[in-house]
Amino acid sequence: MSAIAHQLESAGIPTTLVALVRPHAEKIRPPRALWVPFELGRPIGTPENTIFQRRVIEAALDLLTRTDTPVLMDFPEEAPAEASSPNPDEMWVCPVSFSNNSTDTPDTHTSRLMVEVAQLRPWYETWKRERSRTGVGLTGLDPSKLAQFLGGFADGEKVSLPLETGRFADAFKLAVNDLLTFYQEAANAQPGKIGSSAEINSWFWSSTEAAKTLLAIRNQGGNGDPQLDIVLKRLIVPHVAEGVAFREHRLVSTSND
Amino acid sequence: MARLSDMPDALRRHIEALPLPTFEETASCDGPALSERRVALISTAGLSMTGEAPFGMGAADYRVIPGSADASDIIMSHISVNYDRTGYQRDWNVVLPLDRLREMAADGSIGAVADHHYSFMGASDPESMKPSIEVITKAMLREKVDAVLLLPV
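Since we're looking at a predicted model, the values are computed, not measured.

Here we look at the overall build of chain A
Working step 1: Helices and strands together make up the secondary structure of chain A, namely 10 helices and 3 strands.
Working step 2: Reading chain A from its N terminus to its C terminus gives the helix and strand order α-β-α-β-α-β-α-α-α-α-α-α-α.
Working step 3: Out of the 257 residues belonging to chain A, those deemed buried represent 46%.
Working step 4: Considering only contacts within chain A whose residues lie at least 6 apart along the sequence, 64% involve residues at least 24 apart.

A few points about the interface of chain B and chain A
Working step 1: With 64 residues of chain B in contact, the opposing surface of chain A contributes 76 residues.
Working step 2: The set of elements that each furnish at least two residues to the side of chain B that touches chain A consists of helix H1 (9-16), strand E4 (74-76), helix H2 (86-90), helix H4 (130-142) and strand E7 (147-151) of chain B.
Working step 3: Looking at side-chain class alone, the side of chain B that touches chain A contains 38 nonpolar, 17 polar and 9 charged residues.
Working step 4: Pairing of strand E1 (residues 15-19) of chain A with E7(B), which is carried by 3 bridges, proceeds in the parallel orientation. Along E7(B), the bridge assignment pairs A:Thr16 with B:Leu149.

A closer look at unusual backbone geometry
Working step 1: A cis geometry characterises the amide bond from A:Thr69 onward to A:Pro70, with omega recorded as 0°.
Working step 2: Relative to the elements of secondary structure, A:Pro70 occurs in the loop between helix H3 (50-62) and strand E3 (71-74).
Working step 3: Backbone geometry places B:Lys144, a non-glycine residue, at a positive phi of 60°.
Working step 4: Within the secondary structure, B:Lys144 is located in the loop between H4 and E7.

Some words on the packing of helix H4 (residues 109-131) of chain A against helix H5 (residues 143-154) of chain A
All names here are of chain A.
Working step 1: It is the contact of H4 with H5, at a shortest axis distance of 8 Å, that shows an interaxial angle of 155°. In terms of axis orientation, H4 runs roughly antiparallel to H5. Handedness of the H4/H5 crossing: right-handed. Seen from H4, the contacting residues are His 109, Thr 110, Leu 113, Met 114, Val 117 and Arg 121; seen from H5, they are Pro 143, Ser 144, Ala 147, Gln 148, Leu 150, Gly 151, Gly 152 and Ala 154.
Working step 2: Looking at the contact of H4 with H5 residue by residue, the class counts come to 7 nonpolar, 6 polar and 1 charged.

Section: helix H1 (residues 2-10) of chain A
Working step 1: Every buried residue belonging to H1(A) is among A:Ser2, A:Ile4, A:Ala5, A:His6, A:Leu8 and A:Glu9, and all of these are buried.
Working step 2: Those residues of H1(A) that are buried lie in contact with E1 and helix H2 (22-28) of chain A together with strand E1 (38-43), H4 and E7 of chain B.
Working step 3: Remark: A:Gly12 follows H1(A) within two positions and exhibits a positive phi of approximately 100°.

Considering the packing of H1(A) against H4(B)
Working step 1: Running from N to C, H1(A) and H4(B) point in directions that differ by 45°, and their axes come no closer than 10 Å. Put simply, H1(A) runs oblique to H4(B). Crossing of H1(A) against H4(B): the hand is right-handed. Across the interface between the two elements, A:Ile4, A:Gln7 and A:Leu8 of H1(A) pack against B:Lys130, B:Ile133 and B:Thr137 of H4(B).
Working step 2: Class assignment for the residues of the contact of H1(A) with H4(B) results in 3 nonpolar, 2 polar and 1 charged.

Definitions and cut-offs
- Residues numbered from 1 in each chain as written.
- Chains lettered and ligands numbered in written order.
- Predicted model: local features only at pLDDT ≥ 70, side-chain atom pairs only at ≥ 80, totals over all residues.
- Helix = DSSP H or I, 4+ residues; strand = E, 2+ residues; numbered from the N terminus.
- Buried ≥ 20, exposed ≤ 12 C-beta atoms within 10 Å, placed from the backbone.
- Contact = placed C-beta atoms within 7 Å.
- Nonpolar A, V, L, I, M, F, W, Y, C, P; charged D, E, K, R; others polar.
- Pairing = 2+ DSSP bridges.
- Axes fitted to C-alpha atoms, helices over the stretch in contact; angles between N-to-C directions.
- Parallel < 35°, antiparallel > 145°, perpendicular 65-115°, else oblique.
- Left-handed = near helix turned anticlockwise from the far one by under 90°.

What is shown is where atoms sit, not what they do.
Here's what the structure looks like:
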């Protein structure tokens, strides 16, 4: 990001950037950078807070008046705390209470994941209806197909992705992204009850079959495909899943990263 | 949470170990008042228009996002799993604040919103992205963009 700023500015186009990792901006020294103390993934701060977002953008654009580059300024405000529900004492909870599979369901990742996806689907449909958008769609596959594919892979079956182009490793990663987005959107679909990223992460990695499936996949390795090996070992399970809260659930036993 | 000290140990070690380019000098361009500038966004969130090919690992190419795009036109395919996506899912302006820029153009805070904005895959090697940046530099100069706001995730 900072390297792009150098190249553009050298070509005569004035730049300013938002920096999320201050030490990186200190080292790369882009022409103008506003460091913000926000969560990774949220360079403009807080969703659905237009006034705060505007302050961040104005602070970054105001740096364009500076020609004594490099300029690195700190944004003086933390991201406002989010009210997860109209009642601040009311914690976010997942809209679905996952029940144990019935005894006639095969005990496989695939079957358990299929049940979970079916339970979450009404909430996902609610999200799509209320928001008129969804981030699911990288693969074009229905979530039940994603569950079949990823569950099957975790179960050691020979599975394929019905995608036309590209490397299998890329398609695999897109399938994981689609499944994660399906879960996150379903989880946040309750009217008036929004989970913080920490709440959604904690729920996902501590209590879903999808998390168990992804952890099982990570530990399988790429079977001779070096690109797939990178995806499985580094791009499936986030570092945050290895925090204390998650270890308590004994879902994460080793780190391969 | 983007303070390194607040991050889980593994994530902090990962970020600290990332190879970074260095630059001996930093260029500096002047420009008119903000109220007269044409502003473009560059995001490294791996955004594409729905229906376009998503980004793959190591991608050094870019996608064009029209200034008229709406949230439902955009899809994210960044490969990293270590940043929050729920904020973007709720409000795309957290990552690509086109709505805010349009408001600023409407009230005269900026001169105009550019007709074209751009997205890269942020996890890719900056060196490999240079040819793509040369292409969009020329496009921006043609469009008379004189302010670029760069946004990572």
